[in-house]
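In case you want the letters, here they are:
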Amino acid sequence: MLSSLLCTPISDQSVLLNALVECNGDVEQAAQILNSGPSQSNRRSTSPPKQKRKHVMGLEGWVQRSPGKDGASYRSKSVKRARRESPTETVVEDTDDALSFHGSTSRSSPSKAKPLSKQEFMSVLRPPNSTDGKAKASPPKHPPLTLSTPELVAKHTPCTIHSSILPTELACRLFYTMLDLSRDWDRNRWYLFDRLVESPHKTCFFVRQQTLDSPEWAGEMEEATRFWYNGAAEKSTPVFPPAMEEACKYVERIVNEEMHKRTRFPLEWGGEPPKSSDEDFAPTDGKKIIWRANVAASNCYEGAKETVGFHTDALTHLGPYPTIASLSLGTSRIFRLREVVPSDENETRSARTFNIPMPHNSLTIMHASCQETFKHSVPPQRTIDLFHPPFPPPLSLKNSGQSRDCNDEEGKQNQPGSNARINITFRFFRPDFRPSTTPQCKCGVACVLRPDMKNRYTYDGSSTSKGSSEPTGSGKPDSTRRNVVSKYWWTCHAGAQNEGKGCGMWKVMDAKAEGRGPFAGDV
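Residues numbered from 1 in each chain as written. Predicted model: local features only at pLDDT ≥ 70, side-chain atom pairs only at ≥ 80, totals over all residues. Heavy atoms only, no water.

1. Observations concerning the overall build of the protein chain
This is how the line gets drawn: Secondary structure follows DSSP: runs of H or I at least 4 residues long count as helices, runs of E at least 2 residues long count as strands, and numbering of each begins at the N terminus. The cut-offs for exposure are 20% and 50% of the maximum accessible area for each residue type, with area from a 1.4 Å probe on protein chains only; residues under the lower value are buried, those over the upper are exposed, and the others partly exposed. We call two residues contacting when some pair of their heavy atoms lies within 4.5 Å. Using a 1.4 Å probe, accessible areas were evaluated by the Shrake-Rupley method; residue-level cover was limited to the displayed protein chains.
Scanning the protein chain for helices and strands turns up 13 helices and 22 strands. Considering the protein chain as a whole, with its 523 residues, one finds that 45% of them fall into the buried category. When contacts within the protein chain are restricted to residue pairs at least 6 apart in sequence, those whose partners lie at least 24 apart make up 74%. Here the protein chain displays about 28,500 Å² of accessible surface, and carbon together with sulfur accounts for 51% of that area.

As structure tokens, then:
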């Protein structure tokens with residue numbers, strides 16, 4: 001009855017009861033009091049205070065809050081629903097003074113709210129992190145392992161290292177010859193991810209004279225050597241200098257001896273290598289020659305900071321499973337190998353890095369499968385030891401600046417130190433991978449051949465080569481070889497020189513359809 005007499009209805013029953021008590025139950029008098037002005041302020045003072053608004057702590061609650069007319073905030077329906085579903089969650093209170101929070105489950109908790117730190121406040125804005133959940137255990141990572149002996153190198157990598165392979169005088173003469181020629185070498189340039197980059201060392205390519213005259217190549221060797229590095233057209237390829245030709249005989253003898261100790265892979269070259277015009281080189285054990293170098297890439301690293309990053313050599317003309325012999329002259333540097341872990345083993349083990357010191361007059365042979373399963377580099381070093389040649393440079397060098405003969409004892413003792421390393425990698429370009437047989441992409445540029453390093457298959461090492469009743473290698477054959485690369489890709493290589501723009505073309509190499517071979521085993 002009292003509510004019907006009010007100008008403005010009041011829903012709070014406690015206010016109505018207080019007015020009736022003051023008027024001893026007189027309804028009309030109570031109505032007059034409530035409709036009068038002074039009672040309005042009294043009613044406001046007697047009404048219960050509003051509860052503070054509480055918000056769910058989280059990114060959704062933060063984003064969906066918006067300020068009202070008095071600077072306060074309200075909750076969205078989704079936040080209210082989240083609170084009803086999680087009654088024990090931590091909540092955030094909005095006050096006019098500061099932003100604070102508490103974890104009480106009661107709305108009328110008497111505990112004082114804890115101030116929110118900057119770190120906790122910013123965690124509201126941080127998106128969910130994948131590491132917040134249960135992280136998947138990753139395989140342990142190992143530090144680089146230094147292989148200081150030939151036995152360790154052969155045990156952990158598909159390489160072998162041989163020291164002092166050349167006579168001392170020949171090694172010194174070849175070092176001076178290549179160092180003198182390196183003054184005219186260039187640093188290779190190519191595009192990498194739309195950016196022009198330059199090689200941090202100088203390089204040059206050489207071809208053997210007898211290969212240029214060979215009818216087997218029919219004049220194609222010049223084209224193959226001009227475009228050997230990242231598709232760039234190089235200058236006219238020089239032939240082996242006399243000192244390099246002399247050193248090549250020693251290298252070929254050691255490489256053939258090592259290859260006869262190993263079981264060969266089916267995709268290796270199985271034909272007869274080109275015959276040398278030199279009658280002096282013949283196997284001492286009566287076994288046939290299975291590898292001869294016909295080209296060589298030479299690099300000059302001056303100082304400790306000239307390097308080359310991790311890479312594998314392009315197999316465009318080398319073919320699958322090549323053998324590359326790397327001769328080191330001058331100051332000692334580190335040769336670094338890092339295994340490429342197959343896709344199905346990424347969760348069980350991590351890649352291991354190996355460091356191989358390469359002193360002056362040492363030969364490192366990267367045997368078959370090294371380019372398919374490892375990447376190699378020459379890293380920068382903090383310090384290097386100067387190389388003091390035991391002989392002075394010969395008089396025939398135009399830039400030597402010396403006037404003493406190699407046999408002059410006084411000249412041997414007064415040679416300045418050198419911080420340069422000369423690296424000569426002797427290679428065999430296979431005739432079944434001549435430039436005329438290389439596919440071209442949509443850009444009209446010759447493709448490059450790369451191995452599928454992430455996928456491997458199982459190979460039975462007891463298979464024999466064609467036309468032979470014995471295993472392909474004279475060494476003890478492996479019963480089973482795992483992790484052997486079987487697929488190779490022809491890919492577009494125009495982007496290396498066309499401002500990084502290519503057609504993206506690729507296709508699987510089909511050895512039989514493309515007429516490759518002969519091979520060392522059944523393909």
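2. So, the side chain of Thr-438
What counts is decided by this rule: Polar contact is the term for a pair of N or O atoms within 3.5 Å; when the atoms are in protein, one must be able to donate a hydrogen and the other to accept it, and sequence-neighboring residues count only if both atoms are side-chain atoms.
Mapped onto the elements, Thr-438 comes out in the loop between strand 17 (420–427) and strand 18 (448–451). Look at Thr-438 and you get buried, because its relative accessible area is 9%. Only 3.4 Å separates the side chain of Thr-438 from the backbone oxygen of Arg-434, close enough to count as a polar contact. In contact with Thr-438, other than residues within four places in its own chain, are Thr-316, His-317, Phe-433, Ala-446, Cys-447 and Trp-490.

3. Here we look at helix 1 (residues 13–22)
The condition that has to hold: Note: the arc covers the axis-to-C-beta directions of the helix.
Burial in helix 1 covers these residues: Val-15, Leu-16 and Ala-19. Buried residues of helix 1, viewed axially, fall in a sector of 100°; they line one side. Exposed and oriented more than 90 degrees from the buried face of helix 1 are Gln-13, Leu-17 and Val-21. Backbone geometry just downstream of helix 1 places Asn-24 in the positive-phi region, at approximately 55°.

4. So, the packing of helix 8 (residues 168–181) against helix 11 (residues 242–259)
Threshold: Orientation is described by lines fitted to C-alpha atoms, with helices fitted over the stretch in contact, and by angles between N-to-C directions that extend from 0 to 180 degrees. With respect to orientation, any angle under 35 degrees is reported as roughly parallel, any angle over 145 as roughly antiparallel, any angle of 65 to 115 as roughly perpendicular, and every other angle as oblique. Two helices that cross are described as forming a left-handed crossing if the nearer one is turned anticlockwise from the farther one by less than a right angle, and a right-handed crossing if clockwise. Classification used: nonpolar for Ala, Val, Leu, Ile, Met, Phe, Trp, Tyr, Cys and Pro, charged for Asp, Glu, Lys and Arg, polar for all others including Gly.
Viewed as axis vectors pointing N to C, helix 8 and helix 11 meet at an angle of 135°, and their least axial separation amounts to 9 Å. In terms of orientation, helix 8 lies oblique with respect to helix 11. The two elements helix 8 and helix 11 meet at a crossing, and its hand is left-handed. The residues of helix 11 that touch helix 8, namely those facing Leu-170, Arg-173, Leu-174, Thr-177 and Met-178, are Ala-243, Met-244, Glu-246, Ala-247 and Tyr-250. Of the residues belonging to the contact of helix 8 with helix 11, the class tally is seven nonpolar, one polar and two charged.

5. A word on the sheet that holds strand 21 (residues 488–491)
Note the threshold: By definition, two strands form a pair when at least two bridges between them are found by DSSP.
Within the open sheet, the three strands sit side by side as 18-21-22. Their pairing is antiparallel. Edge positions in the open sheet fall to strand 18 and strand 22 (506–508), since each of these has one partner strand only. For this sheet, the mean inter-axis angle between neighbouring strands, taken without regard to orientation, is 30°. Two strands pair when backbone bridges link them, and strand 21 and strand 22 are joined in this way by three bridges, in the antiparallel orientation. Of the residues in strand 22, the one forming a bridge with Thr-491 is Trp-506.

6. Brief notes about empty space enclosed by the protein
Convention followed: Both site types are read off a 1 Å grid over the protein atoms alone. A 1.4 Å probe that fits but cannot get out defines a cavity, while an open set with protein on both sides within 12 Å along at least five of seven lines defines a pocket; lining residues have an atom within 4 Å of a point. Grid points are joined across faces, edges and corners, and a volume is the space filled by probe spheres set on the points.
Taken as a whole and assessed by the stated rule, the structure comprises three cavities of 30 Å³ or more. In this structure, the largest cavity spans a volume of roughly 110 Å³. Residue lining of the largest cavity: 13 residues in total, with Trp-269, Tyr-321, Pro-322, Thr-323 and Phe-428 positioned closest to the centre. Here the lining of the largest cavity is built from residues that sort into nine nonpolar, one polar and three charged.

7. Examining the pattern of salt bridges
Cut-off, in case you're wondering: One side-chain nitrogen of Lys or Arg within 4 Å of one carboxyl oxygen of Asp or Glu is enough to make a salt bridge.
Counted by the stated rule, this structure contains 16 salt bridges. Residue Glu-245 pairs with Arg-208 through a salt bridge whose shortest N-O separation is 2.9 Å. Within this pair, whereas Glu-245 is found in helix 11, its partner Arg-208 is found in the loop between strand 9 (202–207) and helix 9 (209–212), the two being separated by 37 residues in sequence. Judged by relative accessible area, which is 23%, Glu-245 ranks as partly exposed. For Arg-208, a relative accessible area of 1% gives the class buried. A salt bridge links Arg-430 to Asp-432; the shortest N-O distance between them is 2.9 Å. By relative accessible area, Arg-430 is classed as buried at 2%. By relative accessible area, Asp-432 is classed as buried at 8%. Here the salt bridges do not stand alone but share partners, grouping Arg-208, Glu-245, Glu-252 and Arg-292 into one network.

8. Comments concerning the sheet that holds strand 17
With antiparallel pairing, six strands are arranged side by side in an open sheet as 6-15-12-17-10-9. Each of the sheet's edge strands pairs with one partner strand only, and the pair in question is strand 6 (159–163) and strand 9. The mean angle between the axes of side-by-side strands here comes to 20°, regardless of whether they run parallel or antiparallel. On top of the sheet, helix 8 reaches strand 9, strand 10 (295–302), strand 12 (324–330) and strand 17; it is set at about 100° to strand 17, its chief contact. Of the strands in this sheet, strand 6, strand 9, strand 10, strand 12, strand 15 (362–366) and strand 17 touch helix 11, which is tilted by about 50° from strand 15.

9. A closer look at the confidence of the model for the protein chain
Spelled out, the test is: On a scale of 0 to 100, pLDDT captures the predictor's confidence in every residue.
A residue-level look at the protein chain finds 69% of positions with pLDDT of 70 or above and a mean pLDDT of 77. At the level of individual helices and strands, the protein chain shows its lowest average pLDDT in strand 3 (residues 99–102), which scores 41, and its highest in strand 15, which scores 98. Confidence drops under a pLDDT of 50 for residues 39–47, and excluding neighbours within four residues, the segment shows seven contacts in the predicted structure. In this model, residues 66–83 is a region of pLDDT below 50 whose contacts with residues beyond four sequence positions or in other chains number 29 contacts.

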